[in-house]
Amino acid sequence: MSLNLRAGERQWGIYHIQNVNAYGSRLKGWMKPFNGVATKYLANYLGRHRALDRDAGSLAPTGMLAAAHN
């Protein structure tokens, strides 16, 4: 599905274009220090970022490991 910005479409269901752009920006900024990741480990990096983004860094190390597998 794509949005037609010229027609004024900015939202598709619960996904708003600004939310998607903001998440992409946070993800790129978070991954920059890693200088790229191997595709083999990409799911692990994305899981860690998702947990940090969702819980704002409030997880203990054991909670972080558990959340990364969800």
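For the structure itself, look to the data block above.
Being a predicted model, the structure only gives us computed values, none of them experimental.

Asker: Looking at this structure, I do not really get the overall build of the protein. What am I missing?
Answerer: Looking only at helices and strands, one finds three helices and two strands in the protein. Traced from its N-terminal end to its C-terminal end, the protein shows the element sequence β-β-α-α-α. When the 70 residues of the protein are sorted by exposure, 11% land in the buried category. Within the protein, contacts between residues separated by at least 24 positions form 9% of all contacts whose residues are at least 6 apart in sequence. Surface summary for the protein: the accessible area is close to 5,700 Å², and the carbon and sulfur share equals 57%.

Asker: Would you explain unusual backbone geometry in this entry?
Answerer: Apart from glycine, the bulk of residues carry a negative phi angle, and the bulk of peptide bonds sit in the trans form. With a phi close to 55°, Asn35 is a non-glycine residue in the positive phi region. With respect to the helices and strands, Asn35 occurs in the loop between helix H1 (17–31) and helix H2 (42–55).

Asker: Even after reading the chapter, I still don't get H1, so can you show me in this structure?
Answerer: For an α-helix, the turn length of 3.6 residues means that residues three or four places apart are oriented alike. With 15 residues, H1 extends 21 Å from end C-alpha to end C-alpha; this agrees with the ideal 21 Å at 1.5 Å per step. In this structure, the buried side of H1 is in contact with H2.

Asker: When you look at the packing of aromatic side chains in this model, what are you seeing that I'm missing?
Answerer: Following the criterion strictly, the structure yields three aromatic pairs and no others. With a centroid separation of 6.5 Å and an interplanar angle of 65°, the aromatic rings of Trp30 and Tyr45 are classed as edge-to-face. In this pair, Trp30 is assigned in helix H1 and Tyr45 in helix H2, connecting sequence segments 15 residues apart. With a relative accessible area of 25%, Tyr45 lands in the partly exposed category. Among the aromatic residues, those joined into a cluster by ring pairs are Trp30, Phe34 and Tyr45.

What counts and how
Residues numbered from 1 in each chain as written. Predicted model: local features only at pLDDT ≥ 70, side-chain atom pairs only at ≥ 80, totals over all residues. Heavy atoms only, no water. Helix = DSSP H or I, 4+ residues; strand = E, 2+ residues; numbered from the N terminus. Buried < 20%, exposed > 50% of the residue type's maximum accessible area, 1.4 Å probe, protein only. Contact = heavy atoms within 4.5 Å. Areas by Shrake-Rupley, 256 points an atom, 1.4 Å probe, with all protein chains shown as cover. Expected span 1.5 Å × (residues − 1). Phe/Tyr/Trp six-rings, centres within 6.5 Å; stacked < 30°, edge-to-face > 60°.

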